[in-house]
Amino acid sequence: MYCSKRLFLSLCLLVVLSSCTSEFVDINRPGSKLSQEELSRDNYAVGSFLIQMQGVAFPEQENAYQTMIDFVGNYLGRYTTYSKEQPKNHTLFNASNIWRAWPASYAPPFVSAYNEVVNLNGKENITYAWALILRAQAFLRFTDIYGPFPLSVNADNHVVYVSQRDIYLQLIKDLNEATSYISSDTQLAKEMITFAPYDLVYKGDFNKWRKFANSLKLRIAVRISNVEPVMARSLAEKAVREGVIEGNEDNCTIRYNKAGLWTTAVSWGDSRICADIESFMTGYKDPRMSKYFLQPLTQGKRKYIGCRAGATIGSNVVAKRLYSSVNMQETTPGIWLTASEMAFCKAEGVLRGWNMGSGTVKDYYEQGVTLSFEQWGADGAATYLLDDTSTEANYTDALGGFGRAAVKASTITIKWDDVAPMAKKMERLITQKWIALFPNGQEGWNEIRRTGYPRIFSVPQATNGYTLLTPNRIPFDKNQLINNRSNYEKAVELLGGPDDYATPMWWQR
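Residues numbered from 1 in each chain as written. Predicted model: local features only at pLDDT ≥ 70, side-chain atom pairs only at ≥ 80, totals over all residues. Heavy atoms only, no water.

A. How the structure looks around the overall build of the protein. Each helix and strand counted, the protein has 23 helices and six strands in total. Per-residue burial over the protein gives 61% buried out of 509 residues. Taking all contacts inside the protein whose residues are at least 6 apart in sequence as the whole, residues at least 24 apart take part in 75%. For the protein, the exposed area adds up to about 19300 Å²; of that, 51% sits on carbon and sulfur atoms. (Helix = DSSP H or I, 4+ residues; strand = E, 2+ residues; numbered from the N terminus. Buried < 20%, exposed > 50% of the residue type's maximum accessible area, 1.4 Å probe, protein only. Contact = heavy atoms within 4.5 Å. Areas by Shrake-Rupley, 256 points an atom, 1.4 Å probe, with all protein chains shown as cover.)

What follows is the structure in structure tokens.
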């Protein structure tokens, strides 16, 4: 991580966001020399704020990616693991306060940019619908990291926390409003052309944004299905009826000049492939392995070698030699939501008795795997889906490695079995969904917490007294206790448990 704590703490949040989004395209927040007429021309001002919002909703800039995605979702979702000497991190349940505070630090500038979009262009237009979708994408991550989270500030400029349930309800409302407007707007084609230069994902195709928004609804519905089954079913069926992402051509990806995961994992070498995903894919003889991973510099007992989460590694120089990295190039697009994920969500919906269309659980399960193979350009999906004997491999560490061997945590096979017990069906479905979600670690972590699948290895060293395999949440910034005490205490009350790594998300209960 090439950003010192002193430098980080000395920068205000707005400057941080500005620097983290300026490289997406050759445009940033308008300068003071531009007139109001110039700012209004071609939606320059509104477009610049929408670019800032995309920089948080899809954080590909290296510092934003590492602090929001790598340090949290990628490591806790067991896709990658930290490869540097660091006795305090979230995997070990003891991260420093700066690690705890980092993800939340991107929210205030995002809210500021959102407010500017509304102030400049008002509501009842495409920019407002777009801003609502981006807010849903960004704040789903924020709340799924911490639980209760602020949506606004009060008159004293202090953040005011909202319960996770209320945040979910607000974001569902936002998405319904956004998709309703996009579906009914008669000027959509004209506005699509106007905003194409500012759209870093779909290049002004708001029909694809509508599919993305409906897909977020389906993702949300599955997430809350255990705590709000009636609401979840209604939301999921509405999303599928109105149209979610079904083909890889509509996947939500974003191209950055240097992909966030490439920078942190390949260029900096700050992370290596985690033993959990490597052991599953090795055991399954998964053809996607060569698409996901690179071979380590030192060849071990098998072609690709992951590292146990939380292993004590001396340096990333050593880790580069012993363990596999991600197979990424500088220009590889970041992946944020796919057709494969939607197929697996439909499969779970049918398993729960929801109307997801004409397909069966088996149909959507196999569709999810097949779409993932197609997404990564891997052959052999049909043969893979017929395998009813392969299971996760026992973990074998690299020669001279740091994680120690481990017995496999799962015996689930690949081939769908309609007569298997419900628990086996869920484990099989979620294990394959988790493999296909790579490298979207936040969603991988969400699935582990929500379902308990896939079954993951324990951490090979002390975890600060916790018995969990992975944290349920990240504790709040300790400075809130000092600088915003009354609202912090309200947040803990809304959390419904101690401000620690163990208190579950609302949707886990």
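B. Highlighting the nonpolar core. Counting 145 residues, the largest nonpolar core has Phe58, Trp209 and Leu218 as its most contacted members. The leading source of residues in this core is helix α8 (residues 126-146), at 15 residues. Once you skip the residues sitting within four places of it in the chain, leucine 218 turns out to touch Ala236, Ala239, Val240, Val244, Met342, Cys345, Lys346 and Met356. Cys307, Ala319, Tyr323 and Tyr395 belong to the second-largest nonpolar core, a separate cluster that totals twelve residues. (Core = buried A, V, L, I, M, F, W, Y, C linked by side-chain atoms within 4.5 Å.)

C. Structural detail: the packing of helix α5 (residues 62-76) against helix α13 (residues 260-267). Where α5 meets α13, the axes come as close as 9 Å, and the angle between the chain directions of the two elements is 75°. Taken together, the axes of α5 and α13 are roughly perpendicular relative to one another. Along its contact with α5, which presents Glu62, Tyr65, Gln66, Asp70 and Asn74, the element α13 presents Gly260, Leu261, Thr263 and Thr264. Grouping the constituent residues of the contact of α5 with α13 by class yields two nonpolar, five polar and two charged. (Axes fitted to C-alpha atoms, helices over the stretch in contact; angles between N-to-C directions. Parallel < 35°, antiparallel > 145°, perpendicular 65-115°, else oblique. Nonpolar A, V, L, I, M, F, W, Y, C, P; charged D, E, K, R; others polar.)

D. Inspection of α8 at higher detail. The terminal C-alpha atoms of α8, which comprises 21 residues, lie 30 Å apart, in line with the 30 Å expected from a rise of 1.5 Å per residue. Taken from the residues just after α8, glycine 147 is the one with a positive phi, measuring 100°. (Expected span 1.5 Å × (residues − 1).)

E. Geometry of helix α4 (residues 44-57). Its 14 residues give α4 an end-to-end C-alpha distance of 20 Å, which sits within 8% of 20 Å, the value for a rise of 1.5 Å per residue. In terms of burial, α4 is largely enclosed, as 13 of its 14 residues are buried.

F. Structural view of unusual backbone geometry. Geometrically, the link from phenylalanine 438 to proline 439 is a cis peptide bond, its omega value of 5° lying close to zero. Counting through the fold element by element, proline 439 comes out in the loop between α20 (422-437) and α21 (441-451). Omega for the bond connecting tyrosine 453 with proline 454 falls within 30 degrees of zero, at -5°, which places this linkage in the cis form. Within the secondary structure, proline 454 is located in the loop between α21 and α22 (479-483). Phi is positive for arginine 78, which is not a glycine, with a value near 65°. Along the chain, arginine 78 turns up in the loop between α5 and β1 (80-82). Residue arginine 78 is classed as buried on the basis of its relative accessible area of 1%.

G. Quick peek at the state of the cysteines. Scanning the model with the defined rule gives zero disulfides in all. The thiol sulfur of cysteine 307 is not disulfide-bonded, and the nearest other cysteine sulfur, from cysteine 274, lies at 7.5 Å. By relative accessible area, which is 0% here, cysteine 307 ends up buried. (Disulfide = S-S within 2.5 Å.)

H. View of the side chain of lysine 433. With respect to the helices, strands and loops of the structure, lysine 433 is situated in helix α20. Residue lysine 433 is classed as buried on the basis of its relative accessible area of 2%. Side chain to side chain, lysine 433 and glutamate 447 meet in a polar contact 3.4 Å long. (Polar contact = N/O pair within 3.5 Å; in protein donor to acceptor, adjacent residues only side chain to side chain.)

I. Layout of the confidence of the model for the protein. Per-chain confidence: the protein averages 89 in pLDDT, with 89% of residues scoring 70 or above. Confidence drops under a pLDDT of 50 for residues 1-42, and excluding neighbours within four residues, the segment shows 72 contacts in the predicted structure. (pLDDT = per-residue confidence, 0-100.)

J. Structural context of the packing of helix α17 (residues 339-351) against α20. Remark: α17 packs on α20, axes separated minimally by 9 Å, with the N-to-C direction vectors making an angle of 170°. One element, α17, and the other, α20, form an angle in the roughly antiparallel class. Taken together, the residues of α20 that come into contact with α17 (itself represented by Ser340, Glu341, Phe344, Cys345, Ala347, Glu348 and Leu351) are Met422, Lys425, Met426, Leu429, Ile430, Gln432, Lys433, Ala436 and Leu437.

K. Just the packing of aromatic side chains, in detail. Using the criterion set out here, one finds 42 aromatic pairs in the structure. Judged by centre distance (6.2 Å) and plane angle (15°), the rings of tyrosine 146 and phenylalanine 476 are stacked. Taken together, the residues span a long stretch of sequence, with tyrosine 146 in helix α8 and phenylalanine 476 in the loop between α21 and α22 at a distance of 330 residues. Phenylalanine 476 matches tyrosine 146 in its accessibility class, with the two residues each being buried. The structure contains a cluster of three or more aromatic residues connected by ring pairs, namely Tyr79, Phe280, Tyr284, Tyr292, Phe293, Tyr304, Phe373, Trp376, Tyr384, Trp434 and Phe438. Lying over the aromatic face of tryptophan 507, arginine 223 brings its terminal NZ or CZ to 5.7 Å of the ring centre. Over the ring of tryptophan 445 we find arginine 449; its NZ or CZ atom is 3.4 Å from the centre of that ring. (Phe/Tyr/Trp six-rings, centres within 6.5 Å; stacked < 30°, edge-to-face > 60°. Lys NZ or Arg CZ within 6 Å of the ring centre and 35° of its normal.)

L. View of the environment of glycine 247. Following the sequence through the fold, glycine 247 ends up in the loop between α12 (229-242) and β4 (252-254). For the pair glycine 247 and glutamate 374, spaced 127 residues apart in sequence, the C-alpha to C-alpha distance is 9.8 Å.

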